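Per-entry structural report
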Amino acid sequence: MGKRIRLVALDLDGTLLNSEKLISKRNLQALEELRARGILMVPVTGRPAQGIPQPVLELPGLRYAVTSNGATIRDLVTGETLLEKHLDAGRCLAVLEASRDFPMVREAFRAGVGYLSQADYDILCARYAGTPMLPYLQSTRQVLPGSVEDFLRQDGGPVEELFFLTDSVETKSRLRKTLSVLPGIGFADPFPNDLEVIAGDIDKGTALVFLLDKLGIPREACLALGDGGSDLPMLKAAGVGVAMAGSGEELIQAADFVTAGCDEDGVAMALERFVLESRKQP
């Protein structure tokens, strides 16, 4: 089996969390076995810190969290911030100016809170009405009196990321091409119509390697699971990379193993195969 796994890095939406945004009983049991064996479980998510759901925060033994696609790493026990790679206001304003003619929702995330206009908030509420995402949205957003641009000009502080929800895959592709010429920025692609702009020197993989180095854990002793394009650097950084069923072709090609989907206990199945060998299924 090779080097013993000491840390498991988990994307949340579409990976650990099922379509109801819950953690299944089988997945919970597998995570409890990790804790009992002294193996760290670290959420590595595009969500801001405030958006980590309570069932995740209540996981036994949880200590570290990588949020906003790697922009922030926190020790949840001590409250210490281990890493911050944020976008300064000037860079954000350049991005917003370059993308001002694109039809999309615009948000700026700071300290786990998404700031957006009233019009964009109303669009998101209508989009997620009647779904498990609506309570998450309502608890993590701050409606501004004006635009995101106004907010950044007046405030002047850095943000973890800019989040754009476009009206189509084609619009997103054009947007990324337009923004790709700007210096000092990078991208995360969690969903087909979403584009997240982050600092150019960070992603989930870079943040994971930073945490592993800080903890003295070799990359070969890390297993990572994910389902979206933003998880690709994380799977490449880990000793064992696992893609969820239904992931994009690039992620599946980069993975060492493809497990079941988030509604079929795919996380538990992968952990049973690679980490909890005594529970491996026949």
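Residues numbered from 1 in each chain as written. Predicted model: local features only at pLDDT ≥ 70, side-chain atom pairs only at ≥ 80, totals over all residues. Heavy atoms only, no water.

1. Some details on the environment of Ser-139
Among the secondary structure elements, Ser-139 is positioned in helix H5 (residues 133–140). The sequence separation of Ser-139 and Val-113 amounts to 26 residues, and the corresponding C-alpha distance is 8.7 Å. (Helix = DSSP H or I, 4+ residues; strand = E, 2+ residues; numbered from the N terminus.)

2. Comments concerning the confidence of the model for the protein chain
Averaged over the protein chain, the pLDDT score is 93; the fraction of residues at 70 or greater is 97%. Counting interchain partners and residues more than four positions distant, the pLDDT-below-50 stretch residues 278–282 has 9 contacts. (pLDDT = per-residue confidence, 0-100. Contact = heavy atoms within 4.5 Å.)

3. Quick look at the packing of aromatic side chains
A full pass over the atoms with the stated rule returns 3 aromatic pairs. Pairing Phe-109 with Phe-163 gives two aromatic rings, centres 6.5 Å apart and planes at 90 degrees, and the pair type is edge-to-face. With Phe-109 in strand E6 (residues 104–110) and Phe-163 in strand E9 (residues 161–166), the pair connects residues that are 54 residues apart, well separated along the chain. Per residue, the accessibility class of Phe-109 equals that of Phe-163, and both read buried. Taken together, a centroid distance of 4.7 Å and an interplanar angle of 20 degrees make the contact between Tyr-115 and Phe-151 stacked. (Phe/Tyr/Trp six-rings, centres within 6.5 Å; stacked < 30°, edge-to-face > 60°. Buried < 20%, exposed > 50% of the residue type's maximum accessible area, 1.4 Å probe, protein only.)

4. Quick notes on the packing of helix H3 (residues 89–98) against helix H6 (residues 148–155)
At a minimum axis separation of 10 Å, H3 and H6 run at an interaxial angle of 155 degrees. The pairing of H3 with H6 is recorded here as roughly antiparallel in orientation. The hand of the H3/H6 crossing is left-handed. Here H3 contributes Ala-89, Cys-92, Leu-93 and Leu-96 to the contact with H6, which in turn contributes Val-148, Glu-149, Leu-152 and Arg-153. For the contact of H3 with H6, the residue count by class is 6 nonpolar, no polar and 2 charged. (Axes fitted to C-alpha atoms, helices over the stretch in contact; angles between N-to-C directions. Parallel < 35°, antiparallel > 145°, perpendicular 65-115°, else oblique. Left-handed = near helix turned anticlockwise from the far one by under 90°. Nonpolar A, V, L, I, M, F, W, Y, C, P; charged D, E, K, R; others polar.)

5. Things to note about the pattern of salt bridges
Counted under the stated rule, the structure contains 17 salt bridges. The closest approach of N and O atoms between Arg-37 and Glu-33, which form a salt bridge, is 3.4 Å. For Glu-33, a relative accessible area of 23% translates into the label partly exposed. For the salt bridge of Arg-91 with Asp-88, the shortest nitrogen-to-oxygen distance reads 3.7 Å. Note on Asp-88: relative accessible area 37%, which makes it partly exposed. (Salt bridge = Lys/Arg side-chain N within 4 Å of Asp/Glu carboxyl O.)

6. Concerning the nonpolar core
The biggest cluster of nonpolar side chains holds 49 residues, and the ones touching the most others in it are Leu-7, Ala-9, Leu-162, Phe-164, Leu-179 and Val-197. Filtering out sequence-adjacent residues up to four positions away, Phe-164 remains in contact with Val-95, Leu-96, Ser-99, Met-104, Val-105, Arg-106, Leu-175, Leu-179, Asn-193, Asp-194, Leu-195 and Val-197. In terms of nonpolar packing, the next biggest core, distinct from the first, is built from 30 residues, Ile-23, Ala-30, Val-242 and Leu-271 among them. (Core = buried A, V, L, I, M, F, W, Y, C linked by side-chain atoms within 4.5 Å.)

7. Description of the sheet that holds strand E3 (residues 64–67)
A sheet is described by the order of its strands in space; here 3 strands give the open sequence E3-E4-E5, paired in antiparallel fashion. On the outer flanks of this sheet lie E3 and strand E5 (81–84), each paired with one strand and no other. Between one strand axis and the next, the sheet turns through 10 degrees on average, direction left out of account. Pairing of E3 with strand E4 (residues 72–75) involves 4 bridges; the strand directions are antiparallel. Note that in E4 the partner of Val-66 across the bridge is Ile-73. Strand contacts of helix H8 (residues 204–215): E3, E4 and E5, with the helix running at about 145 degrees to E5, the strand carrying the most contacts. (Pairing = 2+ DSSP bridges.)

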